[in-house]
Amino acid sequence: ETGVTQTPRHLVMGMTNKKSLKCEQHLGHNAMYWYKQSAKKPLELMFVYSLEERVENNSVPSRFSPECPNSSHLFLHLHTLQPEDSALYLCASSQSVGGGYNEQFFGPGTRLTVL
Amino acid sequence: AQKITQTQPGMFVQEKEAVTLDCTYDTSDQSYGLFWYKQPSSGEMIFLIYQGSYDEQNATEGRYSLNFQKARKSANLVISASQLGDSAMYFCAMREGGTGGFKTIFGAGTRLFVKA
């Protein structure tokens, strides 16, 4: 396994469903991120974890619930989503959350469609 | 206020020619980093190049170079000798130093089309 992996790659769910997105990084990084990429909008940072501790919740609705059981895994639990939540959800990791040079490595994303 | 501005929604370039993708940024921090990412249709964001605010030389990585003009707050990406595989979305991003250092802010992106 290399880099950052995400599963599933595609997900279709109804508004009453509960599902989870999974992200795994094999880079030995200490920081992990969830981003949302909607059509025609800039990438939006959702959550940041540093050493399994959440350091940022960027005003994300509670129907999105992140979980970071260890520094290699990050989950995004979804429940009672809305159609406007349909987007590409990208996971990323970096060596740390410190400023300056801290290149983020991205996974391939999960394309989510909410019906 | 928009922190990262990419004014070109789409750009066309002939194969083997050079192309410049524009990016301007806004920050009051003295310490910051500027990044360019490429996103092919597969969705994955691929890191291309980095420029630190204190770097005096423009960054270069293979066919990619960053034209950094600090006073104008611009960080344009130059791709030389374009290839068909360069067709993708390109995002400019900034990470500020200090307490907001873990936030990387992305621009809206520029879609590049390379013509054969």
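The model shown is predicted, which means the values in this text are computed figures rather than measured ones.

(A) Main features of the pattern of salt bridges. All chains considered together, the criterion is met by five salt bridges over all chains. The partner of A:R63 in a salt bridge is A:D85, and the shortest N-O contact between them spans 2.7 Å. With A:R63 in the loop between β6 (53-57) and β7 (64-70) and A:D85 in the loop between β8 (73-79) and β9 (87-94), this residue pair connects regions lying 22 residues apart in the sequence. Across the pair, exposure class does not vary: A:R63 and A:D85 are buried alike. B:D86 is paired through a salt bridge with B:R63; the nearest N and O atoms lie 2.8 Å apart. Note that B:D86 is positioned in the loop between β9 (74-79) and β10 (88-96) and B:R63 in the loop between β7 (60-61) and β8 (64-69), a separation of 23 residues in sequence. Residue classification places B:D86 among the buried positions, given a relative accessible area of 1%.

(B) Representation of the interface of chain A and chain B in the model. The interface of chain A with chain B comprises 25 residues on the first partner and 20 residues on the second. Overall, the association of chain A and chain B removes approximately 1700 Å² of surface from exposure, summing both partners, and the carbon and sulfur fraction of that is 58%. Summed over the shared surface of chain A and chain B, the result is zero salt bridges. On the surface where chain A and chain B come into contact, there are five residue pairs in polar contact (both at pLDDT 80 or more). Of the residues that constitute the side of chain A that touches chain B, the class distribution is 13 nonpolar, nine polar and three charged.

(C) View of the packing of aromatic side chains. Residues and elements named next belong to chain A. As enumerated under the stated definition, the model contains 13 aromatic pairs over all chains in all. Look at F64 and Y89: their rings are 5.9 Å apart centre to centre, the planes differ by 35 degrees, and that puts the pair in the tilted class. Taken together, the residues span a long stretch of sequence, with F64 in strand β7 and Y89 in strand β9 at a distance of 25 residues. Y89 shares its class with F64; the two are buried.

(D) The sheet that holds β7(A), seen in detail. All names here are of chain A. Spatially, four strands are ordered β1-β3-β8-β7 in an open sheet, and the strand pairing comes out antiparallel. Two strands lie at the open edges of the sheet, namely β1 (4-7) and β7, each paired on one side alone. Between one strand axis and the next, the sheet turns through 20 degrees on average, direction left out of account. As paired strands, β1 and strand β3 (residues 18-25) are joined by four bridges and run antiparallel to one another. The residue bridging T5 from the neighbouring strand is E24, located in β3.

Parameters and conventions
- Residues numbered from 1 in each chain as written.
- Chains lettered and ligands numbered in written order.
- Predicted model: local features only at pLDDT ≥ 70, side-chain atom pairs only at ≥ 80, totals over all residues.
- Heavy atoms only, no water.
- Salt bridge = Lys/Arg side-chain N within 4 Å of Asp/Glu carboxyl O.
- Helix = DSSP H or I, 4+ residues; strand = E, 2+ residues; numbered from the N terminus.
- Buried < 20%, exposed > 50% of the residue type's maximum accessible area, 1.4 Å probe, protein only.
- Contact = heavy atoms within 4.5 Å.
- Buried area = accessible area lost by both parts, 1.4 Å probe.
- Polar contact = N/O pair within 3.5 Å; in protein donor to acceptor, adjacent residues only side chain to side chain.
- Nonpolar A, V, L, I, M, F, W, Y, C, P; charged D, E, K, R; others polar.
- Phe/Tyr/Trp six-rings, centres within 6.5 Å; stacked < 30°, edge-to-face > 60°.
- Pairing = 2+ DSSP bridges.
- Axes fitted to C-alpha atoms, helices over the stretch in contact; angles between N-to-C directions.

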